[in-house]
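Chain residues, written in single-letter form:
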Amino acid sequence: QVQLIESGGGLVQAGGSLRLSCVASGRTFTMNAMGWFRQAPGQEREFVAAVTWGGGSTTYADSVEGRFTISRARAKNTVYLNIDSLKPNETAGYSCAASSLAYPVLRCCHRSQTYDYWGQGTQVTVSA
């Protein structure tokens, strides 16, 4: 089992920045990729970014490219999401997820079903 705990969410004005963290515990040696998703009220869950655990290869949704940065610190079992220039329509619960596969870094595999373990999420609220 892998347990994931997110933190760093909060209330921020449009144009502001946040740094989200996700700490993994348990059988972390089984992880090959980690990703971030978000889900706004009444909306479907949306892929945001992913990183391979070993090599650090990254991939992003087109909507966040250039503004969001995903990274990982393997020694700390932690993945980060640095967010810049937040928009009001990006208010959502942000969740991290872990996969036993490296496929999530490929555009074909930006799916919730690719991931095996999920955190409970951290709320990001962007005011206009």
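Coordinates for the structure precede this section.
The structure displayed is predicted, hence computed values, not measured ones. In this convention, every chain numbers its residues from 1, walking through the sequence in written order. With pLDDT at 70 or above as the cut-off, local features in this predicted model cover only qualifying residues; side-chain atom pairs require 80 or more to be listed or tallied, and sums for whole chains, interfaces and linings still use all residues. The basis for the side-chain values is all heavy atoms of the structure; hydrogens and waters are excluded.

Considering the pairing of strand β3 (residues 18-26)
For strand β1 (residues 2-7) and β3, the ladder comprises six bridges, and the chain directions are antiparallel. Within β3, the residue paired with Val-2 across the bridge is Gly-26. With six bridges joining them, β3 and strand β8 (residues 78-83) adopt antiparallel strand pairing. Paired with Ser-21 across the two strands is Tyr-80, which belongs to β8. Here a strand pair is declared whenever DSSP counts at least two bridges between the two strands. Numbered from the N terminus, helices here are DSSP runs of H or I no shorter than four residues, and strands are runs of E no shorter than two.

Some remarks on the pattern of salt bridges
Each salt bridge in this description consists of a side-chain nitrogen of Lys or Arg and a carboxyl oxygen of Asp or Glu lying within 4 Å of one another. Under the defined criterion, the tally for this structure stands at four salt bridges. One salt bridge connects Glu-90 with Arg-38, and the closest N-O pair in it is separated by 3.2 Å. Of this pair, Glu-90 sits in the loop between β8 and β9 (92-99) while Arg-38 sits in strand β4 (residues 33-39), and the two are 52 residues apart along the sequence. Side by side, Glu-90 and Arg-38 carry an identical accessibility label, which is buried. Connected via shared salt-bridge partners are Arg-38, Glu-46, Arg-67 and Glu-90. The buried label applies to any residue whose accessible area, calculated with a 1.4 Å probe on protein chains only, is under 20% of its type's maximum; exposed applies above 50%, and partly exposed to all values in between.

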